[in-house]
Amino acid sequence: MLLAQSKIKLYICINENEMEIGKQPSKELLNFCGQTIKRVLFEMSQNKPSEDIAIMANILMTDLNDKFYRLTQQDVTQAFHKGVRETDQLAINPRTWFNWLNVQKLKSNATRIN
């Protein structure tokens, strides 16, 4: 029994990025959002003050909890990665990431159906 419990805990830790975002805000999700925004700003050769990044992270977390709660952290990371590289949008803001996340949501939903 103990071995089975440890395997379950290991599986949960390994697959944490595969878990859905959910509808509840958390410190972990806020941290993930902040890191995602920082990475995208770097990739777009942009710089914003820490206060602005914190505000944007809160807005992103709210959007994820409200509209994109079925996505995983991996889905979000992939949406931002592709958004920076495959679109003509030159700024990061809620409208930009909403477009990127909607595209990823459609792909994710199609995968679940199949």
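For the structure itself, consult the block above.
Residues numbered from 1 in each chain as written. Predicted model: local features only at pLDDT ≥ 70, side-chain atom pairs only at ≥ 80, totals over all residues. Heavy atoms only, no water.

Quick look at the layout of surface pockets
Then step 1. Considering only enclosed or pocket space, the largest pocket measures out at about 220 Å³ in volume.
Then step 2. Lining the largest pocket we find ten residues, and of these I21, S26, E28, L29 and Q73 sit closest to its centre.
Then step 3. If one sorts the elements of the lining of the largest pocket by residue count, helix α2 (residues 27-43) sits on top with three residues.
Then step 4. A per-class count over the lining of the largest pocket returns four nonpolar, three polar and three charged. (1 Å grid on protein atoms, 1.4 Å probe; cavity = no way out; pocket = protein on both sides within 12 Å on 5 of 7 lines; lining within 4 Å. Points joined across faces, edges and corners; volume = space filled by probe spheres on them. Helix = DSSP H or I, 4+ residues; strand = E, 2+ residues; numbered from the N terminus. Nonpolar A, V, L, I, M, F, W, Y, C, P; charged D, E, K, R; others polar.)

Here we look at the nonpolar core
Then step 1. Grouped together as the largest cluster of nonpolar side chains are 24 residues, with contacts concentrated most on L64, F80, I92, W97 and L101.
Then step 2. For this core, the elements supplying multiple residues, two or more each, are α2, α3 (50-67), α4 (73-86) and α5 (94-113).
Then step 3. If we skip the residues at most four places from it in the chain, F80 touches T36, V40, L60, I92, W97, W100 and L101. (Core = buried A, V, L, I, M, F, W, Y, C linked by side-chain atoms within 4.5 Å. Buried < 20%, exposed > 50% of the residue type's maximum accessible area, 1.4 Å probe, protein only. Contact = heavy atoms within 4.5 Å.)

Points about the pattern of salt bridges
Once the charged atoms of two side chains with opposite charge are near each other, the side chains can pair.
Then step 1. For the structure shown, the criterion picks out two salt bridges.
Then step 2. The shortest N-O distance in the salt bridge between R70 and E20 comes to 2.8 Å. With R70 in the loop between α3 and α4 and E20 in the loop between α1 (2-14) and α2, the pair connects residues that are 50 residues apart, well separated along the chain.
Then step 3. Classification of R70 by relative accessible area gives partly exposed; the value is 40%.
Then step 4. Close ionic contact of R85 with E43 constitutes a salt bridge, the shortest N to O distance being 3.3 Å. One end of the pair, R85, is in helix α4; the other, E43, is in helix α2, and 42 residues separate them in sequence.
Then step 5. A relative accessible area of 46% means that R85 is categorised as partly exposed.
Then step 6. Given the relative accessible area of 28%, E43 is considered partly exposed. (Salt bridge = Lys/Arg side-chain N within 4 Å of Asp/Glu carboxyl O.)

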